[in-house]
Amino acid sequence: MLLILLLLVSHSLLLSPSRSLAHPVDKAIFILAGQSNMAGRGGVINNVWDQLTPQASSPDPTILRLDANHRWHVAREPLHRGIDVNHTCGVGPAMAFANSIIQRHPRRVGVIGLVPCAVGGTNITQWARGGWLYGQMIRRTTAAVRDGGTVQGLVWYQGESDTVVKVDAERYQRRLEKLFLDIRTDLQSPMLPILQVAIASGEGPYIEEVRQAQMGVDLLNFKTIDAMGLPLEPDKLHLTTPAQVYLGEKLADAFLKFLPTQEEPNPTNMLIHTNNAPNVLHFFCSYATIIIALFFVFLH
Ligand SMILES: *[C@@H]1O[C@H](CO)[C@@H](O)[C@H](O)[C@H]1NC(C)=O
């Protein structure tokens, strides 16, 4: 009787839901959205990219990018080519972000899937639900998860275009919060981690007002990384390549804080990627169960 009970416990451990996540094609998917500094203008001067990719942003076989035709390729800069089609794209923060996560957590995060969606010069109202940018972002994310993977986060860097007109800066916080909540609702991921970059520059005078709005957002699973003070290109609007690398690493630091400190899978947050941890855990659980079972058989 006891033996049957132990076998049942062992069986249920082996079939726990976290196991279904441990599939080799699982990707940790990140949505990249916002305007030019998210798309990347590092190394772009007079609409020409210098073609220099720093080591921290170099390609890696475990970092993929969803192209404009919804196909995966090994990611390389400029990540937003073919997406931010009307501008010259350069280095952004996302390659340094992904490399940093892979290097520090090679076992937890198996493959990263980047979904670039940013478009230069866009303001917050253009990103509202119902608009083209929003629809495109949701369509691309839906395509990204189709062949395996979990959306692990949204990286959002936008607001420079909302510094021109005072009323836009005043309404920024409400519009931004609504956007984040709409994204979480439409992706059916109410606790989706969101990493926001507070702007370092703007197209108009209301930079401080937009920054205050960004700092005022109060949501769970939400972190703000401040880009103020990072080096800018001569246009005084766009982060340089070294600034983007620095920002990408800061974003990775912030993302890793969302992960639980223990290797044990956390059943209350299915967004946490558990690629290898469950295998090890299940192995030890079933192993321990067999030993206990043998012990009881021996006693009888
Ligand atoms: C690029 O420009 C064309 C023509 O102005 C416009 O129709 C299109 O929406 C733009 N695409 C993006 C991604 O901004």
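The shown structure was predicted, so the numbers you read here are calculated from the model rather than taken from an experiment.

Draft legend 1. Here's a closer look at the packing of aromatic side chains. Applying the stated criterion across every chain, the model contains seven aromatic pairs. Their ring planes at 85° and their centres at 5.0 Å tell us that F30 and F97 sit as a pair that is edge-to-face. Residue F30 is found in strand 1 (residues 27-34), and its partner F97 is found in helix 3 (residues 94-104); the two are separated by 67 residues along the sequence. The two residues F30 and F97 agree in class, both being buried. Measuring from centroid to centroid gives 4.9 Å for F30 and F255, while their planes differ by 85°, and the two rings are edge-to-face. Taken together, the residues F30 in strand 1 and F255 in helix 7 (residues 241-256) connect sequence positions 225 residues apart. Of the aromatic side chains, those joined through ring pairs into one cluster are F30, F97, F255 and F258. Geometry around F258 places K223 over its ring, the cationic atom sitting 4.9 Å from the centre.

Draft legend 2. Molecular detail of the nonpolar core. Counting 70 residues, the largest nonpolar core has L114 and W156 as its most contacted members. The leading source of residues in this core is helix 7, at seven residues. Those residues in contact with W156 that sit more than four places away from it in its chain are A33, G34, I124, W127, Y172, L176, L179, F180, L195, Q196 and V197.

Draft legend 3. Summary view of a nonpolar patch on the surface. A cluster of nonpolar side chains, namely V164, V165 and V167, defines an oily patch on the protein surface of about 200 Å² accessible area. Along the chain, V165 falls in the loop between strand 7 (150-157) and helix 5 (166-186).

Draft legend 4. Examining the sheet that holds strand 8 (residues 194-198) more closely. A sheet is described by the order of its strands in space; here seven strands give the open sequence 5-4-6-1-7-8-9, paired in mixed fashion. What marks the edges here is a single partner per strand, and that holds for strand 5 (72-74) and strand 9 (222-226). Looking at each pair of strands side by side, their axes are set apart by 25° on average, direction ignored. Two strands pair when backbone bridges link them, and strand 8 and strand 9 are joined in this way by five bridges, in the parallel orientation. Within strand 9, the position partnered with Q196 by the bridge is T224. Strands strand 8 and strand 9 of the sheet are contacted by helix 6 (residues 207-216), whose axis makes an angle of about 155° with strand 8.

Conventions and cut-offs
- Residues numbered from 1 in each chain as written.
- Predicted model: local features only at pLDDT ≥ 70, side-chain atom pairs only at ≥ 80, totals over all residues.
- Heavy atoms only, no water.
- Phe/Tyr/Trp six-rings, centres within 6.5 Å; stacked < 30°, edge-to-face > 60°.
- Helix = DSSP H or I, 4+ residues; strand = E, 2+ residues; numbered from the N terminus.
- Buried < 20%, exposed > 50% of the residue type's maximum accessible area, 1.4 Å probe, protein only.
- Lys NZ or Arg CZ within 6 Å of the ring centre and 35° of its normal.
- Core = buried A, V, L, I, M, F, W, Y, C linked by side-chain atoms within 4.5 Å.
- Contact = heavy atoms within 4.5 Å.
- Patch = residues over 30% accessible without salt bridge, like charges linked within 9 Å, V, L, I, M, F, W, Y side chains within 5 Å.
- Areas by Shrake-Rupley, 256 points an atom, 1.4 Å probe, with all protein chains shown as cover.
- Salt bridge = Lys/Arg side-chain N within 4 Å of Asp/Glu carboxyl O.
- Pairing = 2+ DSSP bridges.
- Axes fitted to C-alpha atoms, helices over the stretch in contact; angles between N-to-C directions.

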